[in-house]
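Notes for the structure review
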Amino acid sequence: MKGKKRKQLKITAPQTEAGGMAAVLSAAKHIFTEAGLVSGTRTLLRVNQFNGYDCPGCAWPDPDEGRSVVEFCENGAKAVAEEATLARCDEHFFARHRVADMRNWSDYEIGKSGRITRPFIYRQGTDCYEPVEWDEAFGLISKTLRNLASPDEAVFYTSGRTSNEAAFLYQLFVRMYGTNNLPDCSNMCHESSGVALSETVGIGKGSVKLEDFYCTELIIIMGQNPGSNHPRMLSALERAKKNGARIITINPLPEAGLMAFRHPQHLSGLAGKATPITDLWLQVKVNEDVALLKALLKILLQMDERRSGTVLDHDFIQSKTTGFDALCADLQRYTIDELIARTGIPAEKVYEAATWIAEKKKIIVCWAMGLTQHKNAVDNIRELTNLLLLKGSIGKPGAGTCPVRGHSNVQGDRTMGIWENPRPEFLDSLKRVFKFEPPRKPGYNTTAAIAAMAAGKVKVFFAMGGNFLSAAPDTHFTARALEQCLLTVHVSTKLNRSHLYTGKTGLILPCLGRTELDVQASGVQFVTVENSTGVVHQSRGGKKPASPYLLSEPKIVAELAKATLDSTSLNWDELVSNYDNIRNLIAQTIPGFDHYNERVRKPGGFYLPNAVREGMFSTTENKAHFTLNALPDYQLAPDEFLLMTIRSHDQYNTTIYGLHDRYRGVHNGRYVVFVNPTDMERLGLKPEQPVDLVSCYDGVIRRARRFRVVPYNIPQQNIAAYFPEANPVVPHNHAANKSHTPISKSVIVKLENPVA
Ligand code: SF4
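What you see is a predicted model; the values in this text were computed from it and never measured.

Examining the overall build of the protein chain
Secondary structure assignment for the protein chain yields 30 helices and 33 strands. Radius of gyration (C-alpha) of the protein chain: 25 Å, near the 27 Å computed for a compact globule of 756 residues. Across its three principal directions, the C-alpha atoms of the protein chain cover 75 × 60 × 55 Å. Across the 756 residues that make up the protein chain, the buried fraction comes to 65%. Of the contacts made within the protein chain by residues no fewer than 6 positions apart, 79% connect residues no fewer than 24 positions apart. Averaging the locations of the 88 positively and 79 negatively charged side chains of the protein chain gives two centres separated by 3 Å.

Structural notes on the pairing of strand E31 (residues 700-711)
Here strand E29 (residues 672-675) runs beside E31; their pairing, made up of four bridges, is parallel. By the bridge assignment for E31, Val 675 is matched with Pro 711. Bridging between strand E30 (residues 690-697) and E31 involves seven bridges; their strand directions are antiparallel. Pairing of Val 694 across the sheet is with Arg 703, part of E31. Counting the residues that bridge the hairpin from E30 to E31 gives two residues, and of these Asp 698 lies at a positive phi of roughly 55°.

Considering the nonpolar core
Phe 156, Phe 173, Phe 434, Phe 462, Leu 509 and Trp 572 are the most contacted members of the largest nonpolar core, which has 61 residues in total. When residues in this core are grouped by element, the largest group, nine residues, is from helix H8 (residues 164-177). Residues within four places of Phe 156 in sequence aside, it is in contact with Leu 145, Tyr 170, Phe 173, Val 174, Tyr 177, Thr 179, Asn 181, Leu 182, Pro 183 and Phe 462. Membership of the second largest hydrophobic core comes to 58 residues, among which are Val 201, Ile 248, Val 284 and Val 365.

Digging into a nonpolar patch on the surface
A contiguous nonpolar surface patch, about 260 Å² in accessible area, is contributed by Met 21, Val 24 and Leu 25. With respect to the element layout, Met 21 can be found in helix H1 (residues 20-35). In this structure Met 21 comes out as partly exposed when scored by relative accessible area, which is 41%.

Side note on the sheet that holds strand E15 (residues 400-403)
Pairing between sheet strands relies on hydrogen bonds along the backbone, with the strands arranged either parallel or antiparallel. The five strands are arranged E12-E9-E8-E14-E15 in an open sheet whose pairing can be described as parallel. A strand with exactly one partner marks an edge of an open sheet, and here the two such strands are strand E12 (280-282) and E15. Here the strands of the sheet are splayed against their neighbours by 15° on average, with no regard to which way each runs. Looking at chain direction, strand E8 (residues 218-222) and strand E14 (residues 363-367) are connected through five bridges and run parallel. When the sheet's bridge partners are listed, Met 222 is paired in E14 with Trp 367. In the packing of helix H11 (residues 233-242) onto the sheet, the strands contacted are E8, strand E9 (246-250) and E14, and the crossing angle to E8 comes to about 150°.

Digging into the domain arrangement of the protein chain
Along its sequence, the protein chain is carved into domain 1 (88-189 + 409-612), domain 2 (191-403) and domain 3 (640-752). Summarising the inter-unit geometry, the C-alpha centres of domain 1 and domain 3 are found 30 Å apart. Contacts between the two partners involve 19 residues from domain 1, matched on the other side by 16 residues from domain 3. The three residues of domain 1 that bury the most area against domain 3 are Tyr 108, Thr 447 and Asp 474, which together make up 34% of that side's buried surface. For the pair domain 1 and domain 3, the interface holds one salt bridge. Of the charged contacts, one joins Arg 702 and Asp 474 as a salt bridge, the two residues approaching to 2.8 Å between their closest N and O atoms. The interface formed by domain 1 and domain 3 holds eight residue pairs in polar contact (both at pLDDT 80 or more) in total. Elements supplying a minimum of two residues to the side of domain 1 that touches domain 3: helix H6 (107-111), helix H23 (446-454), helix H24 (468-471) and helix H25 (475-483).

Topic: the packing of H1 against helix H3 (residues 74-84)
Look at H1 against H3: their axes get within 8 Å of each other, and the N-to-C directions meet at 5°. Taken together, H1 and H3 sit at an angle that is classed as roughly parallel. Residues Ala 23, Ser 26, Ala 27, His 30, Ile 31, Glu 34 and Ala 35 of H1 pack against Glu 74, Ala 77, Lys 78, Val 80, Ala 81 and Ala 84 of H3. Of the residues contributing to the contact of H1 with H3, the split by class is eight nonpolar, two polar and three charged.

Considerations on the packing of H8 against helix H26 (residues 553-564)
Axis separation between H8 and H26 bottoms out at 8 Å; the angle between their running directions is 15°. When the axis of H8 is compared with that of H26, the two are roughly parallel. Crossing of H8 over H26 shows left-handed handedness. On H26, the residues touching Glu 165, Ala 166, Leu 169, Tyr 170, Phe 173 and Tyr 177 of H8 are Glu 553, Pro 554, Val 557, Leu 560, Ala 561 and Thr 564. Of the residues in the contact of H8 with H26, the class split is nine nonpolar, one polar and two charged.

Overview of helix H2 (residues 37-44)
Within the sequence span of H2, burial applies to Gly 40, Thr 43 and Leu 44. Axial view of H2: buried residues confined to an arc of 95°, hence all on one face. In H2, those exposed residues whose orientation departs by more than 90 degrees from the buried face are Val 38 and Arg 42. Residues of H2 that are buried make contact with H1 and H3.

Regarding the pattern of salt bridges
Inspection of the entire model under this criterion finds 51 salt bridges. Notably, a salt bridge pairs Asp 650 with Lys 78, separated by 2.8 Å at the nearest N-O pair. A residue pair is termed long-range when its members are at least 10 positions apart, and Asp 650 in the loop between strand E25 (641-646) and strand E26 (651-652) and Lys 78 in helix H3 qualify at 572 residues. On the basis of relative accessibility, which here comes to 1%, the residue Lys 78 falls in the buried class.

Quick look at the site of the ligand
Lining the immediate environment of the ligand, one finds Asn 48, Cys 55, Cys 58, Phe 72, Cys 73, Gly 76, Pro 231 and Arg 232. The class makeup of the residues in the shell around the ligand is five nonpolar, two polar and one charged.

Examining the packing of aromatic side chains
Within this structure, the stated rule accounts for 25 aromatic pairs. Between Tyr 157 and Phe 468, the ring centres sit 4.9 Å apart and the planes meet at 75°, which makes this aromatic pair edge-to-face. Here the residue Tyr 157 occupies a position in strand E7 (residues 154-158), and Phe 468 occupies one in helix H24, the gap between them amounting to 311 residues. Exposure class is identical for Tyr 157 and Phe 468. Each is buried. Look at Phe 593 and Phe 606: their rings are 6.1 Å apart centre to centre, the planes differ by 85°, and that puts the pair in the edge-to-face class. Of this pair, Phe 593 sits in the loop between helix H28 (579-589) and helix H29 (596-599) while Phe 606 sits in strand E23 (residues 606-607), and the two are 13 residues apart along the sequence. Phe 606 carries the same exposure label as Phe 593, and that label is buried. Taken together through their ring pairs, the aromatic side chains of Phe 93, Phe 94, Trp 105, Phe 120, Tyr 122 and Tyr 129 make up a single cluster. In this structure, Arg 583 is placed above the aromatic ring of Phe 526, and the distance from its NZ or CZ to the ring centre is 4.0 Å.

The rules behind the values
- Residues numbered from 1 in each chain as written.
- Predicted model: local features only at pLDDT ≥ 70, side-chain atom pairs only at ≥ 80, totals over all residues.
- Heavy atoms only, no water.
- Helix = DSSP H or I, 4+ residues; strand = E, 2+ residues; numbered from the N terminus.
- Rg over C-alpha atoms; globule rule 2.2 N^0.38 Å.
- Buried < 20%, exposed > 50% of the residue type's maximum accessible area, 1.4 Å probe, protein only.
- Contact = heavy atoms within 4.5 Å.
- Lys, Arg positive; Asp, Glu negative; His and termini not counted.
- Charge placed at Lys NZ, Arg CZ, Asp CG, Glu CD.
- Pairing = 2+ DSSP bridges.
- Core = buried A, V, L, I, M, F, W, Y, C linked by side-chain atoms within 4.5 Å.
- Patch = residues over 30% accessible without salt bridge, like charges linked within 9 Å, V, L, I, M, F, W, Y side chains within 5 Å.
- Areas by Shrake-Rupley, 256 points an atom, 1.4 Å probe, with all protein chains shown as cover.
- Salt bridge = Lys/Arg side-chain N within 4 Å of Asp/Glu carboxyl O.
- Axes fitted to C-alpha atoms, helices over the stretch in contact; angles between N-to-C directions.
- Domains from an automatic or database assignment.
- Buried area = accessible area lost by both parts, 1.4 Å probe.
- Polar contact = N/O pair within 3.5 Å; in protein donor to acceptor, adjacent residues only side chain to side chain.
- Parallel < 35°, antiparallel > 145°, perpendicular 65-115°, else oblique.
- Nonpolar A, V, L, I, M, F, W, Y, C, P; charged D, E, K, R; others polar.
- Left-handed = near helix turned anticlockwise from the far one by under 90°.
- Arc of directions from axis to C-beta.
- Near = heavy atom within 4 Å.
- Phe/Tyr/Trp six-rings, centres within 6.5 Å; stacked < 30°, edge-to-face > 60°.
- Lys NZ or Arg CZ within 6 Å of the ring centre and 35° of its normal.

Following this line, the structure appears as structure tokens:
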């Protein structure tokens with residue numbers, strides 16, 4: 001890939017619909033280019049099938065019944081193509097490319113280097129990766145871990161693609177080793193949702209099922225762009241619309257997938273008229289969701305008074321909640337006009353939305369990073385929960401909360417115990433089943449781990465999957481923090497930027513991908529994952545592995561544990577010889593997994609218990625809590641902007657599939673910043689003019705270089721740019737209250753002339 005001539009950046013008009021033939025052609029281009037026609041087709045036809053493998057893309061649920069033969073979206077096909085690529089990152093590749101040179105490559109170019117074929121080691125001063133045998137690698141890791149002054153000098157990160165079986169063994173090994181330093185990608189995405197929902201309704205997960213979309217009356221989509229990040233959700237929205245539901249979208253950006261959808265598997269979608277998705281778009285200013293929600297709550301309370309208590313669900317409020325009076329009193333502190341003024345939305349639109357909400361009983365609220373990555377993110381989600389509680393729209397069909405998870409098993413990993421701050425009952429369960437005293441002191445979350453590495457408190461960084469450096473905030477600071485370590489280790493399928501900023505020694509341990517056959521002593525294995533709606537189901541790879549040297553994630557953990565831990569009662573070889581053994585231990589340790597091996601073999605798997613779904617709230621009073629939430633407190637100078645980092649349509653988290661964000665009209669490039677035309681005029685900025693993004697927190701200047709200005713329909717003094725390119729200006733030490741999620745969706749920046 002490297003060395004291919006870069007095409008000129010091209011900006012075209014944004015699109016107003018998603019899907020259609022363009023999606024089919026794009027999916028085909030990616031899979032056939034990367035994996036070839038025959039192998040590519042065969043691999044794609046197993047995605048999300050009952051006896052196939054789970055899409056390595058997002059965590060949108062699959063239908064319980066009636067799956068189509070093409071049960072994937074355009075970006076699912078791209079995710080599979082990335083893994084099924086025929087390109088190889090082997091000893092010849094590393095002989096040709098020095099680490100220092102590859103640092104100047106874009107994340108796209110690095111990612112196109114192909115599948116890593118064997119373990120590689122980087123030794124300080126060599127500027128290159130060399131082959132290393134597995135045993136030597138495990139020996140080196142275990143020696144380094146055992147020589148640390150404390151297990152807390154090591155951090156064990158997890159990316160949300162790790163299977164339940166690997167995640168369970170991993171947390172068990174790490175806790176037997178003696179630390180809770182188990183940060184994960186959830187810390188950077190839906191941690192705020194977990195904290196807010198646990199506080200208000202007693203479980204950190206969403207309450208709706210896929211089928212609730214088909215019987216709901218109103219769907220409110222906040223801070224989410226499903227057209228690119230959860231594309232099959234558009235099929236569910238289209239069906240909800242056909243069943244009479246209305247959709248309100250709350251988003252600073254006009255996203256094509258939320259305007260209209262052409263279902264690529266329906267003739268009507270390919271040739272006929274696109275299905276309109278959003279009925280009412282509220283173009284809220286960045287991070288003014290709490291102001292909007294408070295305005296809606298106040299209007300609903302007024303309507304309820306005028307309509308003698310027929311708007312709110314008073315029976316539900318009375319019997320199932322606490323804190324209603326305090327909420328009403330707190331709302332008196334604001335006027336509707338001042339709240340609406342903060343949002344930037346015309347008042348009549350806010351009143352129209354309130355009227356729709358007032359008339360409906362079955363309401364689903366969906367959200368993603370647009371709500372979770374702010375200083376006040378937890379308040380954002382607590383406030384939307386207040387809205388659902390006022391309407392009693394939770395714990396019944398067609399109603400409830402729907403935080404749409406990013407990574408395909410990020411929810412499963414948390415369920416398996418991948419958490420730096422586990423609940424005491426989980427640790428008690430580990431003690432009961434495995435007869436050891438697990439560490440009780442909370443560990444480092446992601447932002448704390450970065451600070452600890454930078455301060456030299458952490459000497460070993462181990463990552464189970466992911467691309468920590470590109471996913472994390474404060475890129476340059478985080479890179480230096482990683483380089484402080486004695487040893488950095490990455491279990492990966494493909495090369496990424498994190499591999500290029502190592503400790504004194506760096507190791508890459510290549511693992512099997514989701515699509516690949518996993519054979520252990522007892523034969524072919526399957527793993528399990530949990531999607532956004534709490535369904536635990538199989539994922540069974542079938543493809544010949546990209547290299548004979550690859551090991552499965554569970555096998556890598558088992559070898560690591562055997563090499564590092566003094567005698568444990570566990571027979572790690574036996575555990576990975578047949579993953580049923582791991583699942584039996586999970587069933588003994590974690591509630592809701594009884595008869596795990598039988599139930600997960602049923603087509604589609606099983607739903608984990610979810611009390612809220614049944615209308616029950618596992619809080620101290622067994623009632624849902626209304627909460628009081630603050631308006632975000634920030635001031636912008638005239639030349640300052642609130643930056644939100646976003647994904648393009650050709651990207652999944654830090655994996656860059658291509659350089660085309662066709663829905664937003666950006667082609668052949670990613671260094672762009674979307675700016676309101678009035679702001680451009682006010683600051684004398686021209687289209688495609690190069691600028692630097694510059695933030696200043698605690699007197700520390702952070703700069704992201706050379707972005708091209710793109711005039712765009714975004715609220716004034718709000719701008720947007722892609723991550724990871726914009727992550728250098730996101731401070732690692734300014735995170736969300738309580739959840740510590742990076743503030744990637746509302747960073748105060750200036751646009752400055754580029755410096756050399
Ligand atoms: S919606 Fe998500 S899980 Fe489904 S195919 Fe697309 S990327 Fe994969």
